[in-house]
Amino acid sequence: MPHDVIIVGAGPAGLAAACRLHRSGITDVVVLDREQWPGGVPRHCGHRTFGIREFGRPLTGPQYAERMIRRAQSVDIRTGVSVTKLQPDGHVTITSQQGVEQIAARRVLLTTGARETPRAPRMVSGTRPSGVLTTGSLQQMVYLAGMRPFDRPVIIGSELVAFSALLTLRHAGIKALAIIEPGSRITARRPCDLVARWLLGIPVLTGARLVAIHGARQVEAVEIEQTGKRETIACDGIVFSGQFVPEAALIQTSHLELDRGTGGPVIDQCWRCSDPTYFAAGNLLHPIETAGVAYREGAAAGASIAASLRGALRLPDRRVRIHVVSPMRYIYPQVIANSAPPPNGLMFNARVEREVRGRLTVRFDDEAVWSRHIHALPERRVRVPAAGLAVTQEGHWEVRLDPG
Amino acid sequence: MFDVAVIGGGVVGCAVAQRFAVGGATTVLLERGSDILSGASKGNSGLLHTGFDAPEGSLELRCMRSGYAEYLALRKELNLPLIETGALVVAWTEADLLKLPGIVATAHRNGISDVHQINARDLSVREPRLSKRALGAVVVPGEHVIDPWSSPLAYAERAHAHGAQIRRQCEVTGGTFTGDRWELETTDQLVIARVVINCAGNYADLVEGINRQPSFAIRPRKGQLVVFDKAAHDLCTAIILPVPTAKSKGVLLARTAYGNLLIGPTAEEQEARNIATTDEAALRALIEFGRSVIPDLEGCFVTAAFAGLRPATQFKDYQIHAQPHRRWITVAGIRSTGLTASLGIAQYVAGLYVENFAPLGDAVAETQTAVPNLAEVNPRPYQQVGHGEIVCHCELVTAGEIEAALTRPLPARDLGGLRRRTRCMMGRCQGFYCQWRVMQLASPYFAENPVRPHAT
């Protein structure tokens, strides 16, 4: 007998969805997580930046994870279970202590989250010594294993997570030498660099590109280029922060349609994938948002799954793709299905590749349906209202951003 | 006193040590690095070559042919994989196309009789994702993919099981020949052996200097490689080779035993013997080349980018000689074909030894010598009932595999050695999810503990 719902990933999105399904009376829900403990990424973020909206008070990541798990206490959460293959119609291959098995559900929700881009795909020149980590790896070493991997690291990138790395290092008694950001300003919101500079005494080098890594066994230095000048900074570690990508390996090797822009699955406004037995939510869809956003998306996807199991969500007979062109990086949902609920009131989320001031336009074939002047920054949400999208019409829908 | 001291724990040194240990000689393998495969053998493309394009009549061809045959004979006993991909030498230009019949003819003269040419249409049926620019190809059915890390490990463990000593962090710094034996000074203790075999890879000319003025000079040739994630694995079946130029065999695309797709290597001459750096422009050029061969590589995720050094010399052929009066055998200039040829080289070296020094017999193995399987074509522990905790999710490596690698007869003693024995942290996340857990399991076993506890 298939379960009602299998949820892959017991982080904020997966647990929120499970809770919402339970409240809707759907209790045959199994949440699978490949880690030994549920909770997802917040488990290893020790700083107190979680839970304001969900629990009404600031919590550390582990406290937040614990609250989520407590809220989901009636849910069947199975850890140490790895999903190895997704097949049509809700058939899922797993491996656990029972070996490899096939399980099935009427609906499958994918909430596998995102990870940072490590060194190799960044194509950095130089040697390959040890002492090169991502923030996620650093946080787990510090918070879960009590390790001190280095003494004088530099941090590459200035997304919010870079400042999370600073706090993690401070917790371990390590002072970073610098934050190195190739852009002309930090990617995270403004006060972050001031906190780094003035409260923590860490220089934030903007317009600085990492040129090469030096060191035989352990990192010995990084070479950077700033305003045309090369400089070598002696250090013993490198934290590659940010440049999140969805943890979408399962989707890449499945029948589900993948979006080149987000790197995650293509979904419609009801969180449905190209195979309507599959749904997706959270940072798998869009690198990257906070745990709180993932939690809310998970809950919304849970509600949508409940509706579809009740028969209140019809299968679409037309799916209209929304296209984006450079300098837009991605938009999601990527698809509007012509079935209930209508997309009125829905906001599309988009991102840009680089800082752009210009006119954001929704076009249907060659006609501008909606437009607005915006100042968009990388890794910041760009909201596009869906009110103008008449999805019963076939045609080419495009969201574009023209500088000027 | 040992019968034989083998200097260098690369794939050639491991295979040679194994041959002598199996032959009943008391053998010691001396490796300067903290683990075997610390030098040239660390980075290669993991192919088992037929020798179809090797220089006719060369020692290299002879060793490749016999090494290939012995690998096939030995691999089941050692639990080593064989991924029977075949290779295609693809013509991308009219000039390339004109060279294909010559490639077939050379292969036939080299004794590889099943090599044949196909046209563009047949090529497109075999490899539908290959760029439609391809004009034709030579099929080499016998070219295969193997596991470049487990093979030398299996040879070293086989040597160990037959009584050989494997000494790591033991660099040979000098030596004295006393007329009937060598006294080798090392960074560890003095090693006395009746015969020395120099398999020192990128350091072979320096080690040779202990014995005599070397007759060759090592000219390290750097090869950079890019590895794509599992989703790219199925984009081609066969190893995709270019038509070689006078200078280089060129850049190939091949599946790996671990379920990835690899592109490389570059060929860049350099001075340094110990450092192979990656270079952003070269890596991007490799990826660009890959996309020109298989357009669907666009958007595929890169999991690794690395560089290796091949120990080339000024000579095209291998430099393998015995100096009977000095009780010394030189094994040098084993460029890019060492993984294939190593067992054949070991046979050849054993022949030189028997001819010049002493007979070899048969030793009895003390322990079983099968290595854990890392290849996707064979069952892996994560699929078994009761497999325990999966630590590395990208490569599906269990805690049991990591513990085994740390406690086997030739245990991993650093993170690189552990990665090569288990694949842990070798996947797309490069340790984002598992590094902390790997370090937690492994650091008690490491001599140089790379992580210390923090205060809070």
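These notes cover the structure that comes with them. Computed from a predicted structure; not experimentally measured.

1. Section: the overall build of chain A
Stage number 1. A tally of regular secondary structure across chain A gives nine helices and 27 strands.
Stage number 2. A compact globule built from 404 residues would reach a C-alpha radius of gyration of about 22 Å, and chain A, at 22 Å, matches this within 12%.
Stage number 3. Dimensions of chain A, computed from C-alpha atoms along their principal axes, come out at roughly 60 × 55 × 40 Å.
Stage number 4. Here chain A holds 404 residues, and the buried ones make up 59% of them.
Stage number 5. Of the contacts formed within chain A by residues at least 6 apart in sequence, a portion of 63% connects residues at least 24 apart.
Stage number 6. Surface exposure of chain A reaches about 16000 Å², of which carbon and sulfur atoms provide 51%.
Stage number 7. Between the centroid of the 49 positive side chains of chain A and the centroid of its 36 negative side chains there is a distance of 5 Å.

2. Brief notes about the interface of chain A and chain B
Stage number 1. Counting from both sides, the interface comprises 54 residues of chain A and, opposite them, 48 residues of chain B.
Stage number 2. Sorting the residues of chain A by area buried against chain B places A:Q97, A:R115 and A:M123 first, and these three jointly supply 16% of that buried surface.
Stage number 3. Counting across the chain A and chain B interface gives one salt bridge.
Stage number 4. The partner of B:E280 in a salt bridge is A:R209, and the shortest N-O contact between them spans 3.6 Å.
Stage number 5. Top element by residues in the side of chain A that touches chain B is helix α5 (residues 135-144) of chain A. It accounts for six residues.
Stage number 6. Taken together, the residues of the side of chain A that touches chain B break down into 21 nonpolar, 20 polar and 13 charged.
Stage number 7. Examined bridge by bridge, strand β10 (residues 147-148) of chain A and strand β22 (residues 452-453) of chain B share two bridges and lie antiparallel to one another. Paired with A:R148 across the bridge in β22(B) is B:R452.

3. Considering the packing of aromatic side chains
Two measures describe an aromatic ring pair: the distance that separates the ring centres and the angle between the ring planes.
Stage number 1. In total, this model carries ten aromatic pairs over all chains according to the counting rule given.
Stage number 2. With centroids separated by 5.7 Å and ring planes inclined at 80°, the aromatic side chains of A:F55 and A:Y64 adopt a geometry described as edge-to-face.
Stage number 3. By relative accessible area, which is 16% here, A:F55 ends up buried.
Stage number 4. Ring centres of B:F177 and B:W182 lie 5.2 Å apart, and the angle between their planes is 35°; on these two criteria the pair is classed as tilted. Note on accessibility: B:F177 and B:W182 belong to one class, buried.
Stage number 5. Clustering of aromatic rings is evident, with ring pairs tying together A:F50, A:F55, A:Y64 and A:Y295.
Stage number 6. The lysine or arginine in question, A:R115, covers the ring of B:F301, its NZ or CZ lying 4.8 Å from the ring centre.
Stage number 7. In this structure, B:R32 packs its charged tip against the face of B:Y203, placed 4.2 Å from the ring centre.

4. Quick look at the pairing of strand β9 (residues 172-177) of chain B
Residues and elements named next belong to chain B.
Stage number 1. For β9 and strand β10 (residues 182-186), the ladder comprises five bridges, and the chain directions are antiparallel. Its bridge partner being in β10, G174 is matched across the sheet by E185.
Stage number 2. With antiparallel pairing between neighbouring strands as the criterion, β9 and β10 make up a hairpin whose turn holds four residues, including G179 at a positive phi of roughly 105°.

5. Concerning the environment of A:Q102
All names here are of chain A.
Stage number 1. Tracing the sequence through the fold places Q102 in strand β6 (residues 99-110).
Stage number 2. When the C-alpha atoms of Q102 and H91 are compared, they prove to be 6.8 Å apart, with eleven residues separating the residues in sequence.
Stage number 3. Excluding its chain neighbours within four sequence positions, the residues that come into contact with Q102 are Q87, V92 and T93.
Stage number 4. Within the local environment of Q102, its side chain forms a polar contact with the side chain of T93, the two groups lying 3.1 Å apart.

Scoring rules and cut-offs
Residues numbered from 1 in each chain as written. Chains lettered and ligands numbered in written order. Predicted model: local features only at pLDDT ≥ 70, side-chain atom pairs only at ≥ 80, totals over all residues. Heavy atoms only, no water. Helix = DSSP H or I, 4+ residues; strand = E, 2+ residues; numbered from the N terminus. Rg over C-alpha atoms; globule rule 2.2 N^0.38 Å. Buried < 20%, exposed > 50% of the residue type's maximum accessible area, 1.4 Å probe, protein only. Contact = heavy atoms within 4.5 Å. Areas by Shrake-Rupley, 256 points an atom, 1.4 Å probe, with all protein chains shown as cover. Lys, Arg positive; Asp, Glu negative; His and termini not counted. Charge placed at Lys NZ, Arg CZ, Asp CG, Glu CD. Buried area = accessible area lost by both parts, 1.4 Å probe. Salt bridge = Lys/Arg side-chain N within 4 Å of Asp/Glu carboxyl O. Nonpolar A, V, L, I, M, F, W, Y, C, P; charged D, E, K, R; others polar. Pairing = 2+ DSSP bridges. Phe/Tyr/Trp six-rings, centres within 6.5 Å; stacked < 30°, edge-to-face > 60°. Lys NZ or Arg CZ within 6 Å of the ring centre and 35° of its normal. Polar contact = N/O pair within 3.5 Å; in protein donor to acceptor, adjacent residues only side chain to side chain.

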